Every structure is written in structure tokens, then in C-alpha cells.
Amino acid sequence: MNFLPKASGTRPRVACEIMPQGIVAARSAIAGSPLTAIAKVDLPTGAISPSLKPGNIVDRVQVTAAFKRALEAVGMKPNTRDADISIILPDAAVRVLLLDFDALSSKITEALPIIRFRLKKLLPFDADEAMLSFQVMSSGKSGVRVLAVAVPRDVLSEYETVAREAGFEPGAVLPSTLAALAALDDDSSALLVNANPLGVTTAIVRSGIVLLHLSVDLQQSAQPTAAPSALYDLPLVNVEDTASEWAAQEPEPEHGRNPYAVSEPAPIADSPYAGGTVLADLHAELHNAVLVAPTSLGTLTEDESGKTLIDLGA
């Protein structure tokens, strides 16, 4: 199996994308030519659950049958000599990273162990047990930038097993967004958003180079954590109105002033937002925290320089 082959011309001319919604198959006569056939077979809800853990193919019988029907609909015959296909995996089952190196051997046998070692700190699964492919994106005096794609071995095996049980042989494997980027012109600049109910992947490409590849998993956010029931027993109040009411009252004689009076906080001299109030600083800090909140890209980024690279499907 060729995982992320470097030249698109070496990929099988028939591709099959496996998605939670269904299986989509397509074929073209030669690389770069328009599609000659396309077909989709829907799947029941829950038949596929993409993730980085085993158990992606929940209903293997249904998925295998849909896989076979979709490919037969575009003219493929199972268990034949020309049954090689390209498999497109859900982005949620793959990790895509861009890595910077000062230097990297041009020999795959020497470069691969170095890349795998770097990925040990970046992947949420065991890098030694991952299927890994890489592609040099740029090389020069400033260093070498590499696109790395990793998928847990057990997860990849699930998708390959479906293809083989349907009578086809995986000849190439690509993540969904990388496969879509391959359709862009080499000289174009584009923002691509690949969205589905389970996640969103955003990629930015300029002149054939991927500048950003960010995946956000929506599966967890779709199931909010239940708040303690005691919180729902608290009355809802408008803090500003309540404070204003107390401030408008006469000072209590024994204290000489209203302990609940609200006054404008003094500016913080050493605040990064000089001249602002405590409240303004708090708002700015919260806003900044949202903007720099950890994401899958940030988590996967290594490197003291803070640079992270992300991929292209050329």
C-alpha cells in the first residue's frame, strides 16, 4: 500500500471516500481529467464513527456492502486484476502536521525514523505504532519543511479490511482534505473548508504549498457536560442593575459609606493594556484567551520557533 504517494499520476484512477454519511466512489480516465463516473451509497446513522481510536467501522457488514455497491456503480469489478483503488479517509481518523528541520536526508530509510521520533511528542497516539508517510514541501538554506501524515495502524487496518472484503485492494490512502486540495491549481491561493456534522477542517494553500491545516472535532462539543443541578436553583440577576441600585442608596450611618457602592476601578499601571480599567483588562485577557485557545494544530505543533506546518495533497 502506498500511503500518500508523491505523484498524483501514480495513484489508482478510481477513488472511494468513506464518510459517516455514506460511501462516494469516482473514477477518471487519466490524472487531471474530468470524472467519467461518480456514485454515492448512503449509510445508516452510526455505521461509521471516525476517530483516532479503533472502532471506526461500527457496522462492518453495512459499510462493506455500501463500499462494494458504490464502486460497482462506477464500473469497477471486485476481485479482478485491476481492482486497485485510492481510499479517502475521514480527517478525524488522521493527523496531519507540518514539521521544520535544519536538515533532512533525502533517503526515505534515513529520514523516516527522524520524522517518527519528532512525532512522538506531537501525536495523541503511539508514533511507533502508526502508519506514517511524509512529503518534502520546501527545502533551502533556511531548512527543510515536511508534511507528515500519521494514522494509527489499527485504525487504518479497519478501512483497508473493508476494501479487501468488498473485493478491492487499497493502492493509495489519503485524508479527505488533502485529497480535495489536489484538485486546486498549483498557482492558485485558496481557503478550503471541509465540514461535516462530526468536524471541520480548514486548509489554506498558496502556490501549491499548504500554509494551514487545522481540524476541529465537533463530536465532543455536541455533547455538553451537564452542569450541577444546584446552579439551576440560583436566581438570575442583572449584576449591573443590582449594583446601581445599591450605589444609589444613602450611606449607612455606622459605616459612613455604602459598602456596596460601585466605583470605577483604578487603572493598572503595569497592565499590558495601559490606561485601561480592571474590567477592561479582564475583557481583553478573556478575548486573548479565546483567540489563543489550544487547538488540534497548536497541540500538535512542536519546535521552539512556534512554526507548524501543515499539508498539501499534491
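What you see is a predicted model; the values in this text were computed from it and never measured.

Thresholds applied
Residues numbered from 1 in each chain as written. Predicted model: local features only at pLDDT ≥ 70, side-chain atom pairs only at ≥ 80, totals over all residues. Heavy atoms only, no water. Buried < 20%, exposed > 50% of the residue type's maximum accessible area, 1.4 Å probe, protein only. Helix = DSSP H or I, 4+ residues; strand = E, 2+ residues; numbered from the N terminus. Pairing = 2+ DSSP bridges. Axes fitted to C-alpha atoms, helices over the stretch in contact; angles between N-to-C directions. 1 Å grid on protein atoms, 1.4 Å probe; cavity = no way out; pocket = protein on both sides within 12 Å on 5 of 7 lines; lining within 4 Å. Points joined across faces, edges and corners; volume = space filled by probe spheres on them. Nonpolar A, V, L, I, M, F, W, Y, C, P; charged D, E, K, R; others polar. Contact = heavy atoms within 4.5 Å. Parallel < 35°, antiparallel > 145°, perpendicular 65-115°, else oblique. Left-handed = near helix turned anticlockwise from the far one by under 90°. Core = buried A, V, L, I, M, F, W, Y, C linked by side-chain atoms within 4.5 Å.

1. A closer look at the pairing of strand β8 (residues 143-152)
- Taken across its 10 residues, β8 has 9 buried, putting it largely inside the fold.
- Alignment of strand β6 (residues 95-101) against β8, held across 7 bridges, turns out to be antiparallel. Considered in β8, the bridge of L97 is made with A148.
- Examined bridge by bridge, strand β7 (residues 130-140) and β8 share 10 bridges and lie antiparallel to one another. The partner of F134 across the bridge, within β8, is A148.

2. Concerning the sheet that holds strand β12 (residues 209-217)
- Spatial strand order, β10-β11-β12: 3 strands in an open sheet with antiparallel pairing. Each edge of the open sheet is held by one strand with a lone partner, namely β10 (189-196) and β12. Neighbouring strand axes in the sheet, compared pairwise and without regard to direction, differ in orientation by 10° on average.
- Bridge count for strand β11 (residues 199-206) against β12 is 8 bridges, and the pairing is antiparallel. Paired with V200 across the two strands is V216, which belongs to β12.

3. Side note on the layout of surface pockets
- In this structure, the second largest pocket spans a volume of roughly 650 Å³.
- Every residue lining the second largest pocket is counted, 30 residues in all, and those nearest its centre are P50, D91, A92, D217 and Q219.
- Breaking the lining of the second largest pocket down by element, the ones donating at least two residues are β2 (14-19), β10, β11 and β12.
- Of the residues assigned to the lining of the second largest pocket, the class counts are 14 nonpolar, 11 polar and 5 charged.

4. Observations concerning the sheet that holds β8
- If you walk across this open sheet you meet the 3 strands as β6-β8-β7, and the pairing is antiparallel. The outermost strands of the open sheet, each flanked by one partner alone, are β6 and β7. When strand polarity is set aside, the average angle formed by the axes of neighbouring strands in this sheet is 20°.
- Packed onto the sheet, helix α2 (residues 108-119) meets β6, β7 and β8 and runs at close to 105° relative to β7.
- Docked against the sheet, helix α3 (residues 153-165) engages β7 and β8, running at close to 65° with respect to β8.

5. Looking at the packing of helix α1 (residues 60-73) against α3
- Taken N-terminus to C-terminus, the directions of α1 and α3 make an angle of 55°; their axes are 8 Å apart at the nearest point. Judged by the angle between their axes, α1 and α3 are oblique. The interaxial crossing formed by α1 with α3 has right-handed handedness. On the side of α1, the interface is formed by R60, V63, T64 and F67, while α3 contributes T161, V162, A163 and E165.
- Residue composition of the contact of α1 with α3, grouped by class: 4 nonpolar, 2 polar and 2 charged.

6. Overview of the nonpolar core
- With 43 residues, the main nonpolar core has I23, V63, F67, L71, I85, Y159 and F168 as its most contacted residues.
- Beyond its immediate stretch of four places on either side in the chain, I85 contacts P12, V14, C16, F67, L71, M76, A163, F168, E169, P170, G171 and A172.
- If you look at the next biggest cluster of nonpolar residues, it comprises 19 residues, including L97, A111, L122 and A148.

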